[in-house]
Amino acid sequence: MAIDREATLKNAEKFLRVGRLDAAITEYARVVEDQPRDWATANTLGDLYVRAAQSDRAVALYKRIAEHLHTEGFYPKAAALYKKILKIAPEDEAAQIQLAEISVRQGLLANAKAYYAAVASRRRHRGDAAGADEIAIRLGAVDPADLSARLGAARALEQTGDLPRAAAHYRELYDELMEKGRDEDAAAALQDCVRCDPAVRDTAMLLPLAAIELRAGRLDAARALLPDVLARRERGRDEIVALAWTLTDRHVEAAVLCVEAAADASIAAGEFAEAAAILQEFATRVPGEIGTLLRLVEVSVDAGLEAAMYEAQAQLADAYLDAQRPDEARVIAEDLVAREPWDATHTDRLRRALQMLEVPDVDAAIAACVQASAPDPADALDDLPAAPPAESMPPAPASAPQPPAPRPAAPAPLNAEIDLTALLSELERPAGVPEPPARGPRPTRDLEEVFAGLRDEAGRVEDTDDSGEHMAIARSYMEMGTPEEAMSSLEIAARSPHHRFAAASALAHIYRDQSDLARAIDWFERAAEAPAPTPEEGYALLYDLGDVLDSMGETARALAVFLELAADAPGFRDVGARVTQLSNAGTEG
């Protein structure tokens, strides 16, 4: 039977006024029992329970009211009731958890963290590891910006055996840690991710996993991953090269592994010039790495990149000298001297190697090497017209005096200078013309005289070669608008020091127009090794070289070229603006 609510409440108030607390509680309880959703009366009854030291009844009643208010969305009122509970029972975990959830809804994240942390601490203190992990998981969902709490949640999920969810948490943390520049923490999160669920080795994670193994020095594991990166990622080769540059400062062996993998991939694709460019860039960043320089020489030979090969040989010789390996350095230095005996840097390398080997007469050894590199006059015979057969020559008159039989020439002494012009004059002298007076013996020459003679000899030989004819043919083709037809003639003309700048520069521009930028760079560099006819032409060549390097994404190399150009000709074109642009790009990268 329903009660008279108003009369019952008046009776309760009367009992309170006369101090009869138990009687008042009874009356209020009758009202709450009759009308359970009379929350105001229930709250008053709870307060009376507290005054009567009936804490359990008070807590139970407050919780029922708070749960209703929470469900209805009255979060501040619900929170007030849970706080009443904590005053009565400070260790009531259910109330703290409810307060934490309400605080999250209200945006009071610090309060929520404090409530959860208190519960987790209490559970750990009493040895409830599973309960503490449960709270850690909840705590990780409070604040997305709190990466430490989220990491704790991932670890808690792993501890509870929920490995797929743990892996997902670690994977998300990896992405965000990388965005914040916390590479080491990101790497650890990624390792945890793979440990929880090895199946997450997707394409996007291959390169980061390889980077982790490389930085940890686990090169065998990284070596197994890099082929997958190359095969399964569209820009895998470029990504591996970029990774190599991040490793050069502290992990050289790891960087070498990346460079070799990228170069091998380029070679497999038939892109030898690209492979050489990768190895060249590494040699610039990490000078003296013998293994990489050996590979660069090999690739340059296969690709026909002479300029790159010679530069790599010079670097390799220096590396051998620095490594106290004079035998290998001597072999390379002698080859360089034989090719360009007028280059003092080559002879200096050879000198150092010979000194390390304790050769008794270093200057004599260098002179012998230089002398051996001189053109062989006998080779000139190949260019002379063949003598007509004897039967085709008219018979000599009977009365004509017969010229004396030619005397065999005395052999030239070892390392003696051979006068090529005199030899050709002798070969071309008509029969019956007397020999010129014999010259006296040549004085002994020092090393500088050897070089001077060799340079003169090279000039004379240059005048007799056909590079000028090929250069003229190439110009004709280019004037006719068929530069492709000119390329073979330009390559021949480029072998001559006299035509090297013009021929190599023309080849570079042809390859650039064909979008074969790797070969264009190679020929630009060859042209840059030769003296330019005018300073302006030299500046223009360097500008074009820097522009092509920039278009290929070779920012560092392009910047170096424009810096050199800015030092020599600061007002040339927009070189100042290019330096600024490339400097900013390098900083952002």
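Up top is the structure.
I will try to describe carefully the structure that is included in this document. (Residues numbered from 1 in each chain as written. Predicted model: local features only at pLDDT ≥ 70, side-chain atom pairs only at ≥ 80, totals over all residues. Heavy atoms only, no water.)

### Quick look at helix H27 (residues 517-529)
With 13 residues, H27 should cover 18 Å at 1.5 Å per step; its first-to-last C-alpha distance of 18 Å lies within 8% of that length. Of the positions making up H27, those classed as buried are Ala-520, Ile-521, Asp-522, Trp-523, Phe-524, Glu-525, Arg-526 and Ala-527. Against the buried residues of H27 lie helix H16 (272-285), helix H18 (306-322), helix H25 (483-493), helix H26 (500-513), helix H28 (535-551) and helix H29 (555-568). (Helix = DSSP H or I, 4+ residues; strand = E, 2+ residues; numbered from the N terminus. Expected span 1.5 Å × (residues − 1). Buried < 20%, exposed > 50% of the residue type's maximum accessible area, 1.4 Å probe, protein only. Contact = heavy atoms within 4.5 Å.)

### Things to note about the environment of Ala-493
Tracing the chain through its elements places Ala-493 in helix H25. Beyond its immediate sequence surroundings of up to four residues, Ala-493 is in contact with Ser-467, His-470, Met-471, His-499, Arg-500 and Ala-503.

### Remarks on the packing of aromatic side chains
Remark: the centre distance and the inter-plane angle together describe each pair of aromatic rings, the angle taken between the planes. Evaluated as defined, the whole model comprises three aromatic pairs. Here the aromatic rings of Tyr-539 and Phe-572 are separated by 5.8 Å at their centres, their planes lie at 65°, and the arrangement is edge-to-face. Taken together, the residues Tyr-539 in helix H28 and Phe-572 in the loop between H29 and helix H30 (575-588) connect sequence positions 33 residues apart. Judged by centre distance (5.4 Å) and plane angle (85°), the ring pair of Tyr-543 and Phe-562 falls under edge-to-face. Here the residue Tyr-543 occupies a position in helix H28, and Phe-562 occupies one in helix H29, the gap between them amounting to 19 residues. Put simply, the rings of Tyr-539, Tyr-543, Phe-562 and Phe-572 touch in pairs and so form one group of aromatic residues. One cation-aromatic arrangement involves Lys-77 over Phe-74; the distance from NZ or CZ to the ring centre is 5.7 Å. (Phe/Tyr/Trp six-rings, centres within 6.5 Å; stacked < 30°, edge-to-face > 60°. Lys NZ or Arg CZ within 6 Å of the ring centre and 35° of its normal.)

### Here we look at unusual backbone geometry
In this model, Gln-324 sits at a positive phi of 60°, which is unusual for a non-glycine residue. Here Gln-324 lies in the loop between H18 and helix H19 (326-339). Classification of Gln-324 as exposed rests on a relative accessible area of 57%. Positive phi, normally seen in glycine, also occurs at Glu-358, with a value near 60°. By the secondary structure assignment, Glu-358 is in the loop between helix H20 (344-356) and helix H21 (362-372).

### So, helix H6 (residues 93-105)
The end-to-end C-alpha distance of H6, which contains 13 residues, comes to 19 Å, matching closely the 18 Å that a straight helix rising 1.5 Å per residue would cover. Within H6, the full set of buried residues consists of Glu-93, Ala-95, Gln-96, Ile-97, Leu-99, Ala-100, Ile-102 and Ser-103. On its buried side, H6 packs onto helix H4 (55-72), helix H5 (75-88), helix H7 (109-125) and helix H8 (129-140). Near the N-terminus of H6, the side chain that reaches the backbone nitrogen of Ala-94, with its oxygen 3.2 Å away, is that of Asp-92. With its phi angle positive at about 80°, Gly-107 sits one or two positions after the end of H6. (Polar contact = N/O pair within 3.5 Å; in protein donor to acceptor, adjacent residues only side chain to side chain.)

### A few points about the side chain of Glu-554
Residue placement: Glu-554 occurs in the loop between H28 and H29. Buried and unpaired, Glu-554 has no salt bridge, with Arg-557 as the nearest side chain of opposite charge at 4.3 Å. (Lys, Arg positive; Asp, Glu negative; His and termini not counted. Salt bridge = Lys/Arg side-chain N within 4 Å of Asp/Glu carboxyl O.)

### With respect to the environment of Glu-469
The topology assignment puts Glu-469 in helix H24 (residues 467-479). Classification of Glu-469 as exposed rests on a relative accessible area of 53%. Distance from Glu-469 to Ala-493, taken between C-alpha atoms, is 8.2 Å for residues 24 residues apart in sequence.

### Some thoughts on the pattern of salt bridges
Here the structure, examined in full by the defined rule, presents 33 salt bridges. Put simply, Lys-113 and Asp-146 hold a salt bridge, and the shortest N to O gap is 3.2 Å. Of this pair, Lys-113 sits in helix H7 while Asp-146 is found in the loop between H8 and helix H9 (147-159), placing the two residues 33 residues apart along the sequence. Arg-352 is the salt-bridge partner of Asp-322, the closest N and O atoms lying 3.8 Å from each other.

### Digging into the side chain of Asp-133
Summarising the element assignment, Asp-133 is placed in helix H8. We note that Asp-133 is buried and unpaired, the nearest opposite charge coming from Arg-124 at a distance of 6.6 Å. Excluding residues within four positions of it along the chain, Asp-133 makes contact with Ala-156, Gln-159 and Thr-160.

### What about the packing of helix H10 (residues 163-179) against helix H11 (residues 183-196)?
At a minimum axis distance of 8 Å, the contact between H10 and H11 shows a crossing angle of 160°. Looking at the two axes, H10 sits roughly antiparallel to H11. The handedness of the crossing between H10 and H11 is left-handed. Contacts from Leu-163, Ala-166, Ala-167, Tyr-170, Arg-171, Leu-173, Tyr-174, Leu-177 and Met-178 of H10 reach H11 at Asp-183, Asp-185, Ala-186, Ala-189, Leu-190, Asp-192, Cys-193, Arg-195 and Cys-196. (Axes fitted to C-alpha atoms, helices over the stretch in contact; angles between N-to-C directions. Parallel < 35°, antiparallel > 145°, perpendicular 65-115°, else oblique. Left-handed = near helix turned anticlockwise from the far one by under 90°.)

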